[in-house]
Amino acid sequence: MNKLDNYIARTVLAAIMLVLLIIVGLDAVTEFIDESEDVTETYGFAQVTYYVLLTLPDRVYEFVPPSALVGCMVGLGTLASSSELVIMRAAGVSTARLTWIAMKPAFLVAALGFLVGEYVAPRAEQYAETYRALALNPQENFSTEQGLWKREGDTFLNFNAVEANGVAHGLTLLQFNSQNQLQSALRANSARFEGDHWIMEKVLQTDFSSWETTRKRYATLRWDTAITPELLAMEIVDADRLSLSDLYRYSNYLDRQGLDSDDYQLALWKKLLQPAAIGGLVLVAISFIFGPLREGTMGFRIFAGVVVGIAFRTSQDLLGPASLVFGFSPLYAALTPIVICLLVGFLLLGRAR
């Protein structure tokens with residue numbers, strides 16, 4: 001049985017890795033073409049290539065679930081097309097055992113994807129976005145049109161890039177009073193974090209609090225705030241691309257500021273439940289091979305896998321915003337598509353016996 005287990009596992013694992021390589025490669029090429037539209041003197045094709053390479057870990061993590069689904073269909077479909085699955089079942093190997101054997105490589109890929117998504121992809125993505133912003137804005141020629149906004153109390157902050165060494169570029173601070181009236185605007189070319197405060201450089205401050213507007217320039221200016229480089233770096237990338245620890249920490253920070261953290265809580269649950277999502281998708285793939293797609297062609301199996309993957313992703317994309325609009329828990333939004341996949345998979349497997 002060990003030889004049989006290893007044979008099935010190798011076939012499924014090779015198919016999953018091949019599908020993952022193809023999907024990630026196609027997505028990277030598409031991203032390279034899109035980024036080529038922004039090529040400048042300082043952001044050339046070499047920089048674009050480097051940026052796309054830095055985003056590869058995040059693409060791997062993102063496409064692990066659909067790759068596990070389609071890859072499992074391809075791997076088991078190959079065994080079904082050559083009648084090897086029929087022979088195995090005729091030899092007394094149960095459907096449940098074949099299902100468990102096929103699940104093992106999928107869970108291995110899920111574990112590897114989780115490690116990439118937790119420890120590699122977030123840092124690489126943050127560095128990639130900072131690298132891109134600095135390349136597109138040479139010599140501190142930053143603009144609020146390209147920066148990101150965040151809020152702390154009555155202060156609205158815009159910044160363009162944050163380096164790993166705690167240096168932020170292109171800062172704009174807008175201070176409002178309790179009546180939502182603009183009191184001051186501060187513009188700094190850069191700022192460096194000094195442990196418990198920031199030192200801003202080349203500062204232009206405009207004061208609107210009196211009956212006339214006054215402007216002051218400073219070579220350096222201290223900025224006391226609870227915002228750290230780590231918190232700013234979390235704003236650079238989408239919530240879905242942050243690590244679990246960053247999502248948890250930033251959600252708590254937003255709650256303390258009285259801001260909405262549902263987006264980050266939803267991303268937290270989706271990331272925690274991704275192994276279960278992969279298990280549900282693989283179960284559907286296995287049930288299709290033993291059920292309605294037993295006699296189907298390889299092309300039709302791949303097509304069915306793509307359709308199921310798109311339906312799963314669409315349901316996640318719809319239920320996520322719906323949870324924010326209608327106020328139900330983000331956990332339910334992340335869990336519902338997984339439960340549906342598991343129910344469909346078990347139902348189809350039950351009929352296949």
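See above for the structure.
So, a few notes on the structure that sits alongside this text. (Residues numbered from 1 in each chain as written. Predicted model: local features only at pLDDT ≥ 70, side-chain atom pairs only at ≥ 80, totals over all residues. Heavy atoms only, no water.)

On to the pairing of strand 6 (residues 198-207), then. Inspection of the sheet shows strand 5 (residues 182-193) paired to strand 6 by 9 bridges, in the antiparallel sense. Across the sheet, S184 pairs through a bridge with D207, a residue of strand 6. In textbook terms, the turn of a hairpin is the stretch between consecutive antiparallel strands, and for strand 5 and strand 6 this stretch comprises 4 residues, one of which, G195, has a positive phi near 100°. Judged from the 9 bridges that link them, strand 6 and strand 7 (residues 214-223) form a sheet pairing that is antiparallel. Considered in strand 7, the bridge of I199 is made with R222. (Pairing = 2+ DSSP bridges. Helix = DSSP H or I, 4+ residues; strand = E, 2+ residues; numbered from the N terminus.)

With that out of the way, let us pick up the packing of aromatic side chains. Counted by the stated rule, this structure contains 8 aromatic pairs. A ring pair is formed by F156 and F176, whose centres lie 5.5 Å apart and whose planes are at 85°; its orientation type is edge-to-face. Linking F156 in strand 2 (residues 155-159) with F176 in strand 4 (residues 167-176), this pair joins segments that are 20 residues apart in sequence. Overall, the relative accessible area of 21% leaves F176 in the partly exposed class. The ring of Y51 carries R132 above its face, with NZ or CZ at 6.0 Å from the centroid. (Phe/Tyr/Trp six-rings, centres within 6.5 Å; stacked < 30°, edge-to-face > 60°. Buried < 20%, exposed > 50% of the residue type's maximum accessible area, 1.4 Å probe, protein only. Lys NZ or Arg CZ within 6 Å of the ring centre and 35° of its normal.)

In this section: the environment of A185. With respect to the helices and strands, A185 occurs in strand 5. The class of A185 is buried, set by a relative accessible area of 16%. In this structure the C-alpha to C-alpha distance between A185 and L18, which are 167 residues apart in sequence, comes to 53 Å.

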